[in-house]
Structures are given as C-alpha cells and as structure tokens.
Amino acid sequence: MAKKAQTTALAVKNDFPISIPDDETREILEANLGGETLSVRNLTRIKIPAGGGVVWSVPTLEGDDDMVKEIDALILHTSVNRAYWEKPYGQGESGPPDCSSPNCREAYGDPFPDPETGERNPHIRKCNDCPLSKFGSARDNQGNPTKGQACSMKRTIFFLYPGNWLPMVINIPTASLGNATDYLVGLMGQKKKIYHVVTRLKLQKAKNDKGADYSKVIFSKAMDVPESKIDEVEAYISEVKSFLAQAAEQMVKERDINGADHPQEVRAAA
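Residues numbered from 1 in each chain as written. Predicted model: local features only at pLDDT ≥ 70, side-chain atom pairs only at ≥ 80, totals over all residues. Heavy atoms only, no water.

Structural notes on the overall build of the chain
Of regular secondary structure, the chain possesses 4 helices and 11 strands. Counting every position in the chain, which comprises 270 residues, the buried fraction comes to 41%. Restricting the contact set of the chain to residue pairs at least 6 apart, pairs at least 24 apart contribute 61%. About 15,000 Å² of surface is accessible on the chain, with carbon and sulfur atoms providing 49% of the total. (Helix = DSSP H or I, 4+ residues; strand = E, 2+ residues; numbered from the N terminus. Buried < 20%, exposed > 50% of the residue type's maximum accessible area, 1.4 Å probe, protein only. Contact = heavy atoms within 4.5 Å. Areas by Shrake-Rupley, 256 points an atom, 1.4 Å probe, with all protein chains shown as cover.)

Below, the structure written as structure tokens:
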C-alpha cells in the first residue's frame, strides 16, 4: 500500500507541472509572445464531440490530436453562465449575444426588442425571472418549440492537463450540467476543494427527445492531490485566479455550437 501511494504522488507531480509564475516563466512569455498579453484566446480549447462521440480530441503542438477516452484534469476554476442569441446558430451574424450572464443570476442585455422599431434597451435583468430561462422556451432551427431553454446555460471549466503548464478550457453544455453539479456537490460533502483532487472526464453517448445522438460528460474523482502538493497548488491558484475569472467572463459572449442547448429536459445547475 505504501508503494502504491508513492507512485500516485509521483504521477501527479510529473503529469501536472504546477509552476508558480516567476522570473523564468515571465521570461518565457516575453520571449514567445514578444510583449503580447496572454488572453483566453491563447488557451487550448477542448470541444465536445458531435454525434455522440465517446473519445476526446486533445490538440497537440505537433498538430496531430491525441484521441483519448478519458481526461484526467486538475480543475483550477469553474463558473456557470448564460447567453441568448435571438437568431439560431448559423442564421445571422455571429456577434455578441443579445443578453448574457457570467453567473446565471444577473444578466445584461435586451432579448426583447421593440416589435415596431427593433430597437433594444440593454439593462440589468434577473435570470430567474426571465421567460427565456424557462424549460420549453427554446426553438430549433426550423422555429419549432423544444423542451430546452432559449437562453442556453453552460459551465466553463479551466484545468491543467498532464504535461501542459498553461490551463486548458472546456465548455460543459446544458445536457451535462446535472452531472457536473452532482460531482461538485459530492466533493463539498467530503470538504474537498475542486483543485484538491484530480477529476476524470469521460464521454457517454445519449439521445435527445428527437432521437439524435449527443455526448454527455461524466465526472468522477481519479485521485486526491497529495498533501505534499496542496500548498503549491494553492499558490498557483492564487496567481492565476483573477486571470481565469476574467477569461470566463470573456467566453460568455463567444458563440459555440458545442455549448448549445440540446432539445431535451435537463436539470439546471444554478
């Protein structure tokens, strides 16, 4: 048993290179970016596969994606958010949403333009009071009503992937929000912070109410972060937390078909 514990600790230490920003890392940023500020656009995105795929595609520096059935991630930051576009995906300009929220509580925008002039009056709105956040408010690309929410909800997750110092990011779509919340609440029940464990992400094929296949994300704990690494992880989180929070807010206004609501009944996460 002692030998197994030692092996696990070494695996976490080698696979998740926690490097607190210092003179060396700042020199690397300067050398590679030439003074350009690191932004969320520079972070690698992991997408949910289409058509019910159960294999992750992880981009590599060599250009050939790694195809893996599970991702072991050290989650650094996570937040739920909402965004609403009046026109369906692919039917109009891919500009900012008509209304959006970085926390699923308060949103800014005007999803209900004046019927005569088309003018909008953006202002702060309460998500819980908005009819577009209710189940049954969504419509498909043909304008037919569905069981989903017109204002789509997703969870943005920033995480470290084995062998990569910079965070990666994934948007968890509506149909998998219940799984994510159950897992996060389960960790709370054990008094564990999300970055005190290594989280395993797997994909499971499912069908919506129209019979179309889609991929559902399954969450589980792969291992605890060794006690000897906790302080180092906490220090790293302290350094990058502000950047990741700002990055999450920027991503709310990006349109991503992989984060679109599936036309089926799902449990809300917030």
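Here we look at the environment of asparagine 164
Of note, asparagine 164 is situated in the loop between β8 (152-160) and β9 (168-172). In this structure, the C-alpha to C-alpha distance between asparagine 164 and threonine 60, residues 104 residues apart in sequence, is 10.0 Å.

Observations concerning unusual backbone geometry
Even without a glycine there, the phi angle at cysteine 104 is positive, about 65 degrees. Within the secondary structure, cysteine 104 is located in the loop between β5 (99-101) and β6 (106-109). Owing to a relative accessible area of 5%, cysteine 104 belongs among the buried residues under this scheme. Not every positive phi belongs to a glycine, and lysine 191 is a case in point at roughly 55 degrees. Look at lysine 191 and you get exposed, because its relative accessible area is 80%.

Structural notes on empty space enclosed by the protein
The full count for this structure, using the stated rule, is 1 cavity of 30 Å³ or more. Along the wall of the largest cavity there are 13 residues; nearest its centre are Cys99, Ala107, Cys127, Cys130 and Cys151. Breaking the lining of the largest cavity down by element, the ones donating at least two residues are β4 (70-84), β5 and β7 (123-126). Of the residues in the lining of the largest cavity, the class split is 7 nonpolar, 3 polar and 3 charged. (1 Å grid on protein atoms, 1.4 Å probe; cavity = no way out; pocket = protein on both sides within 12 Å on 5 of 7 lines; lining within 4 Å. Points joined across faces, edges and corners; volume = space filled by probe spheres on them. Nonpolar A, V, L, I, M, F, W, Y, C, P; charged D, E, K, R; others polar.)

Considering the pattern of salt bridges
A complete count under the given rule lists 10 salt bridges for this structure. With a closest N to O distance of 3.5 Å, arginine 200 and glutamate 70 form a salt bridge. Of this pair, arginine 200 sits in strand β10 (residues 197-207) while glutamate 70 sits in strand β4, and the two are 130 residues apart along the sequence. For glutamate 86, the salt bridge identified is with arginine 120, shortest N-O distance 2.4 Å. Of this pair, glutamate 86 sits in the loop between β4 and β5 while arginine 120 sits in the loop between β6 and β7, and the two are 34 residues apart along the sequence. Look at glutamate 86 and you get partly exposed, because its relative accessible area is 41%. Several salt bridges share partner residues, and in doing so they unite Glu70, Asp72 and Arg200 into one network. (Salt bridge = Lys/Arg side-chain N within 4 Å of Asp/Glu carboxyl O.)

Considerations on the packing of aromatic side chains
A complete count under the given rule lists 1 aromatic pair for this structure. Judged by centre distance (6.0 Å) and plane angle (25 degrees), the rings of tyrosine 183 and phenylalanine 219 are stacked. Placement of tyrosine 183 in helix α3 (residues 177-189) and of phenylalanine 219 in strand β11 (residues 213-224) is noted, with a sequence separation of 36 residues between them. Of the two residues, tyrosine 183 and phenylalanine 219, neither departs from the other in class, the shared state being buried. (Phe/Tyr/Trp six-rings, centres within 6.5 Å; stacked < 30°, edge-to-face > 60°.)

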